[in-house]
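These are the residues of each chain, in order.
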Amino acid sequence: MATISKRSARGAAERSASPRKTSTRKRPTAASKIPYTAEELLRDYRQMLLIRRFEEKAGQLYGMGLIGGFCHLYIGQEAVVVGLQASASDKDTLITSYRDHGHMLACGMDPRGVMAELTGRVGGYSKGKGGSMHMFSREANFFGGHGIVGATVPLGTGLAFSHRYNEDGGVCYCYFGDGAANQGQVYESFNMANLWKLPVVYVVENNMYGMGTSLARASAQTELYKRGESFGIPGLQVNGMDILETRHAGAEAAAHCRAGKGPILVEMKTYRYRGHSMSDPAKYRTKEEVSKMRKESDPIDSLRKVLVDNKMADEAALKEIDREVKAIITEAADFAQQSPEPDPSELYTDILVEA
Ligand SMILES: Cc1ncc(C[n+]2csc(CCOP(=O)(O)OP(=O)(O)O)c2C)c(N)n1
Ligand SMILES: [Mg+2]
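Every value quoted in this text rests on a predicted model; they were computed, and no experiment measured them.

Cut-offs used in this document
Residues numbered from 1 in each chain as written. Chains lettered and ligands numbered in written order. Predicted model: local features only at pLDDT ≥ 70, side-chain atom pairs only at ≥ 80, totals over all residues. Near = placed C-beta within 6 Å. Nonpolar A, V, L, I, M, F, W, Y, C, P; charged D, E, K, R; others polar. Helix = DSSP H or I, 4+ residues; strand = E, 2+ residues; numbered from the N terminus. pLDDT = per-residue confidence, 0-100. Contact = placed C-beta atoms within 7 Å. Buried ≥ 20, exposed ≤ 12 C-beta atoms within 10 Å, placed from the backbone. Pairing = 2+ DSSP bridges. Right-handed = clockwise from strand over helix to strand, strands pointing away. Core = buried A, V, L, I, M, F, W, Y, C linked by C-beta atoms within 7 Å. Axes fitted to C-alpha atoms, helices over the stretch in contact; angles between N-to-C directions.

## Focus on the site of ligand 1
Logical step 1: The environment of ligand 1 is formed by 15 residues, the closest being Val-149, Gly-177, Gly-179, Ala-180 and Gly-210.
Logical step 2: Its residues assigned to classes, the shell around ligand 1 shows five nonpolar, eight polar and two charged.

## Focus: unusual backbone geometry
Logical step 1: Here Glu-167, not a glycine, exhibits a phi torsion of approximately 50°, which is positive.
Logical step 2: Looking at where Glu-167 falls in the secondary structure, it is placed in the loop between helix H6 (152-166) and strand S4 (172-177).
Logical step 3: Its identity as a non-glycine residue notwithstanding, Asp-350 has a phi of 60°, on the positive side.
Logical step 4: Tracing the chain through its elements places Asp-350 in the segment after helix H12 (315-338).

## What about the confidence of the model for the protein?
Close reading of the predicted structure is inappropriate where its pLDDT is low.
Logical step 1: Averaged over all residues, the pLDDT of the protein equals 92, while 92% of them reach at least 70.
Logical step 2: The secondary-structure element of the protein with the lowest mean pLDDT is helix H1 (residues 9-17), recorded at 36, while strand S5 (residues 200-206) shows the highest, at 99.
Logical step 3: Within the model, pLDDT remains below 50 along residues 1-21, and this stretch shows 18 contacts once partners closer than five positions in the same chain are excluded.

## Points about the pairing of strand S2 (residues 93-97)
Logical step 1: In terms of residue burial, S2 counts as a mostly covered element, since five of its five residues are buried.
Logical step 2: In this structure, S2 lies alongside S4, joined through three bridges in parallel fashion. Bridge pairing in S4 links Thr-93 to Cys-172.

## As for the pairing of S4
Logical step 1: Counted residue by residue, S4 has six buried out of six residues, so it is predominantly covered.
Logical step 2: Burial along S4 is two-sided: the face carrying Cys-172, Cys-174 and Phe-176 and the face carrying Tyr-173, Tyr-175 and Gly-177 are both buried.
Logical step 3: Relative to S5, S4 is paired through six bridges, and the arrangement is parallel. Directly across from Tyr-175, in S5, lies its bridge partner Val-203.
Logical step 4: Where the polypeptide runs from S4 across helix H7 (residues 184-195) and back to S5, its parallel neighbour, the crossover connection is right-handed.

## Re helix H3 (residues 78-85)
Helical geometry note: an α-helix holds 3.6 residues per turn, so side chains three or four residues apart project in the same direction.
Logical step 1: Judged by how many residues are buried, H3 sits mostly within the fold: eight of eight residues are covered.
Logical step 2: Looking only at H3, the buried set comprises Glu-78, Ala-79, Val-80, Val-81, Val-82, Gly-83, Leu-84 and Gln-85.

## Quick notes on the nonpolar core
Logical step 1: Counting 83 residues, the largest nonpolar core has Tyr-173, Cys-174, Val-200, Val-201, Val-203 and Val-266 as its most contacted members.
Logical step 2: The element best represented in this core is helix H2 (residues 38-63), accounting for nine residues.
Logical step 3: What Val-203 contacts, discounting residues up to four positions off in sequence, is Leu-84, Tyr-173, Cys-174, Tyr-175, Val-266 and Met-268.

## Describing the sheet that holds strand S3 (residues 142-146)
Logical step 1: Spatial strand order, S1-S8-S9-S5-S4-S2-S3: seven strands in an open sheet with parallel pairing. Strands with a single pairing partner mark the edges of an open sheet, and in this sheet they are strand S1 (25-26) and S3.
Logical step 2: Across two bridges, S1 lies against strand S8 (residues 235-239) in parallel orientation. The residue bridging Arg-25 from the neighbouring strand is Leu-236, located in S8.
Logical step 3: Packing of H6 onto the sheet brings it into contact with S2, S3, S4 and S5, and relative to S4 it is tilted by some 175°.

Structure below.
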């Protein structure tokens, strides 16, 4: 099987002489030494590209007035969820915020159902009644899609409790943002999670901004991977723009939880290229900042280079993947426009009315 490069025998001896313990630390950037097969990395490439093209299409449909309400795009952050999902099992659960389209696709949800929900059509995951921030799939173990900032942390901790209580071997991947990281409910959850040794990977997607406020302006402590320390939760800081790093961190985090060691906190340093939502005037950062990130750190371009440089795929094979992904997205967009709008009688179904 093709690998990027093999770890040296000397390196292996050194590692076994000093056994690694999981503690709060920055992950060293040693991506080129991590072996993955061409098959694994091509899967990552395809997944990241699927998310990128899906989001670009959603942005277009929003611009055409076919998607209403809020729409938060994940463009730039693709390596985070794709790398972590590489270690997930079919028993594991995932919960995230409103910036959720990429997570749904990475969980294996159908792009047609997600896109049709965005356009408010019956073929959508919530029959066109939920929209971007309110989707769910029991089959894919995707538990939303939540508009309330920070709420995914106690909810995800509850999912982890159910894994432990039911002894089903599952792990919950619980995502939240750098802005959410300052909420009190996050720390109440951390306390319980480590007290009860719950199998939860807390993933803080640090994209440097909460709406228009930078992390530095909002946080007294900006090294978010350290936020679990006072509860005894180990933390990892990871380059979330590099799929090799996110994959490796995902494997380590999943192994930690599956070994019964309780929660782990993974800070993914990442970046969103688009605004907070489609209506963001983006006055809080410069165009140069965005274009520098796109040019120097794009996760898809970087992986493409790794694949070509290491002869794991040629340009023709990558072009074929681009073509396949484009066809899937075109089909999803067609489906989302052709699916009918919900019947007005649907206003009275799937809702809880308290007398
Ligand atoms: C409890 C709550 N407070 C405020 C808001 C408004 N709000 C929506 S998104 C957001 C920023 C959150 O930023 P972050 O957690 O960094 O996530 P990102 O949008 O960067 O993915 C805020 C304040 C909300 N939805 N819920
Ligand atoms: Mg943020």
